[in-house]
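# Descriptive analysis of the structure
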Amino acid sequence: MNWEQLLSLRRKGDVNKRIRNEQNETRLGFDVDYDRIIFSAAFRSLQDKTQVIPLSKTDFVHTRLTHSLEVSVVGRSLGRLAGQKILEKHPHLKEIHGYKFNDFGAIVAAAALAHDIGNPPFGHSGEKAIGEYFKNGKGKVYKDQLSPKEYQDIIDFEGNANGFKLLTQDRAGVPGGLRLSYATLGAFMKYPKESLPKRPTKHIADKKFGFFQSERNAFLEVAEDLGLIQTRDSNDIAFTRHPLTFLVEAADDICYTIIDFEDGINLGLISEDYALEYLIKLVKDSINTKKYNTLEYKEDRISYLRALAINTLIKDAVAIFMDNEENILNGTFEMSLMDKSKYDAQIRDIISLSVEKVYKNQEVIEKEIAGYKVIADILEVYTDALVQKMENKASNYHHLVLQTLPEFYRRTDLSLYEILLNTCCYVASLSDSSAVHIHNKITGKQL
């Protein structure tokens, strides 16, 4: 892969190539990507989607929205720092093509901003709940009517693939969705493969999948424009990652490691005593002990340690990226950047404590259980109504149900796969509170 191609400013529908030297510096194409994402309806719904604590009543606990904004800030720093070093190593990118270090920061920031945009309500358990309905629930009846890859798309419903769908899918009068630059879409795609075969290698890019069968052509167009390397010679689609995806992933890893830990302490689920004990190796070279000892309030002490820890991990991630740039460009770098971190042991200790004290907290588990029921019931009502209408068997009840769906999701002049997938995507679009509200309405618990 080569950087000039990877930094493509092309958008869906472009006839001519967009040249970096011809860009308006006051409104660069990569900055437009960020704006389009942040003004999208899908992004707004993240304000009421679970990061760690579902339906939390506490103001300072992170939602998917605040998490995404923080990941984009960390991603911007990672991109800029890496961009400086890439331009030093490949000066023709700047001297001939006009790329600047801020371009890298803008691409990573935009992709990081969108990294959770396709996630359903109730956190990762929401993804599992959607898949479970079709794998072991009433939705299993559709299995024999779908191709293996179509069925796998649904039973392994994936927020990353749904995110790519949201960013690229055509709507009436809006071809190409948000029409982001292909560089940003490439950086967004953590898993540039389809749902089957499942986990064919130990390569980090094969861990999950990144697009549904419905977006197969859109994905191929982006991958080919960017010059991503195809990794399988069969009919199964899989490519190497865009190099900047590793920085997007690192931004996410850094934030959820440190900030979920911070949330646990602020919630009282983790003792403050653990903060310095677990973070000391990350902050020992940068901490101002005198300043730390003057901080009277717990939140300020934790915030100070968090900022130092994130800064340490940013520098470490960029160093790993540049040390392995050649392998990343040829597609042979097989792990996340933070898996090679010299702070790997500390990161794993922090995550283990967060899992024990926060992710497996009774409140979290109880709400995730409720989320399974909420999602299954909504899927049952809407898939049944849509399929019955498709088969011209809809009752008056089914027609009434469909009136409660947004117009975009009511279409039945589609394949069964597209109808089922669209229903999954509708459920995934709901915020936590909206899912509970709709569930209460359609089950008659609230009028």
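One structure accompanies this document, and this report is about it. If you're wondering where the values come from, they're calculated on a predicted model, not measured in any experiment. (Residues numbered from 1 in each chain as written. Predicted model: local features only at pLDDT ≥ 70, side-chain atom pairs only at ≥ 80, totals over all residues. Heavy atoms only, no water.)

## What about the overall build of the protein?
This is how it is decided: Think of it this way: any DSSP run of H or I at least four residues long counts as a helix, any run of E at least two long counts as a strand, and we number them from the N terminus. Our radius of gyration looks at C-alpha atoms and nothing else; its globule reference is 2.2 Å times the residue count to the power 0.38. Only protein chains enter the area calculation, which uses a 1.4 Å probe; residues under 20% of their type maximum are buried, those over 50% are exposed, and those in between are partly exposed. The contact criterion used throughout is that any non-hydrogen atoms of two residues lie within 4.5 Å. Surface accessibility follows the Shrake-Rupley procedure with a 1.4 Å probe radius. Residue values consider only the protein chains on display as shielding.
A count of helical and extended segments in the protein gives 21 helices and 0 strands. The C-alpha atoms of the protein give 22 Å as radius of gyration, which agrees with the globular expectation for 447 residues (22 Å, within 12%). Its C-alpha atoms give the protein principal-axis dimensions of roughly 70 × 55 × 40 Å. The buried share among the 447 residues of the protein stands at 54%. The contacts in the protein between residues at least 6 apart in sequence include a share of 73% that link residues at least 24 apart. For the protein, the accessible area works out to roughly 19,900 Å², and carbon and sulfur atoms hold 49% of it.

## Describing the environment of L416
Relative to the helices and strands, L416 is located in helix α20 (residues 416-429). The exposure class of L416 is buried, given its relative accessible area of 10%. Linking L416 and L146, residues 270 residues apart in sequence, is a C-alpha distance of 7.7 Å. When neighbours within four sequence positions are excluded, L416 is seen to be in contact with Y142, Q145, L146, V387 and M390.

## With respect to unusual backbone geometry
Along the chain, L196 connects to P197 via a cis peptide bond; the corresponding omega equals 0°. When you line up the elements, P197 lands in the loop between α10 (182-188) and α11 (216-226). Unusually for a residue other than glycine, N392 sits at a positive phi of about 60°. Along the chain, N392 falls in the loop between α18 (362-390) and α19 (396-403). For N392, a relative accessible area of 73% translates into the label exposed.

## Description of the packing of aromatic side chains
Selection rule: Pairs were defined over the aromatic rings of Phe, Tyr and Trp, the Trp ring being its six-membered one, requiring ring centres within 6.5 Å. Orientation was assigned from the angle between planes: stacked under 30 degrees, edge-to-face over 60, tilted for the rest. Each ring is checked for a lysine NZ or an arginine CZ that lies within 6 Å of its centre and within 35 degrees of its normal; such an atom marks a charge sitting over the ring.
Applying the stated rule across the entire model yields 13 aromatic pairs. With centroids separated by 5.0 Å and ring planes inclined at 90°, the aromatic side chains of Y133 and F134 adopt a geometry described as edge-to-face. For the pair formed by Y133 and F134, the shared burial category is buried. By the ring-pair criterion, three or more aromatic residues cluster together here, those being F164, F211, F219 and F239. Positioned above the aromatic ring of F408, the side-chain terminus of R171 is 4.2 Å from the ring centre. In this structure, R241 packs its charged tip against the face of F246, placed 4.9 Å from the ring centre.

## Observations concerning the nonpolar core
Our working rule: To qualify as a nonpolar core, a set must consist of buried Ala, Val, Leu, Ile, Met, Phe, Trp, Tyr and Cys residues joined through side-chain atoms within 4.5 Å.
Core analysis: the biggest nonpolar cluster contains 89 residues, and W3, L78, F219, L244, F321 and L337 have the highest contact counts within it. Broken down by element, the residue count for this core peaks at 13 residues, all from helix α15 (residues 298-323). Among residues more than four places away in sequence, those in contact with W3 are I86, H90, L93, F104, P243, L244, F321, E325 and L329. Counting residues in hydrophobic clusters, the runner-up holds 41 residues, among them F209, I375, V387 and L414.

## A closer look at the packing of helix α13 (residues 273-283) against α15
Definition in use: Structural elements are reduced to axes, namely lines fitted to C-alpha atoms, with helices fitted over the stretch in contact, and the angle between N-to-C directions of any two is expressed from 0 to 180 degrees. Should the near helix be turned counterclockwise from the far one by less than a right angle, the crossing is left-handed, whereas a clockwise turn marks it as right-handed.
Contact geometry for α13 and α15: axes closest at 9 Å, N-to-C directions at 35°. Crossing of α13 over α15 shows left-handed handedness. Contacts from A275, L276, L279, L282 and V283 in α13 reach I302, L305, L308, A309, T312 and L313 in α15.

## Focus on the pattern of salt bridges
The condition is simple: In the sections that follow, a salt bridge refers to a side-chain nitrogen of Lys or Arg positioned within 4 Å of a carboxyl oxygen of Asp or Glu.
Within the structure shown, the criterion is met by 29 salt bridges. Across the pair E25 and K100 runs a salt bridge, and its minimum N-O distance is 3.8 Å. On the criterion of sequence distance, the pair formed by E25 in the loop between α1 (3-6) and α2 (29-38) and K100 in the loop between α5 (92-95) and α6 (101-113) is long-range, its members being 75 residues apart. With its nearest N and O atoms 2.9 Å apart, the salt bridge here joins E249 to R241. For R241, a relative accessible area of 2% puts it in the buried group. Taken together, the shared-partner salt bridges in this structure form one network comprising R10, K12, E221 and D225.

## A look at helix α9 (residues 159-168)
Among the 10 residues of α9, 9 are classified as buried, and the element is accordingly described as predominantly covered. Taken together, the buried positions of α9 are occupied by G159, N160, A161, N162, G163, F164, K165, L167 and T168. Contact partners of the buried residues in α9: α7 (124-135), α10, α11 and α20.

## What about the state of the cysteines?
Which entries qualify depends on this criterion: When two cysteine sulfur atoms are found within 2.5 Å, that pair is recorded as a disulfide.
Applying the stated rule across the entire model yields 0 disulfides. For the unlinked cysteine C424, the closest cysteine sulfur is that of C425, found at 6.6 Å. Overall, the relative accessible area of 0% leaves C424 in the buried class.

All quantities given are derived from atomic positions and should not be read as evidence of function.
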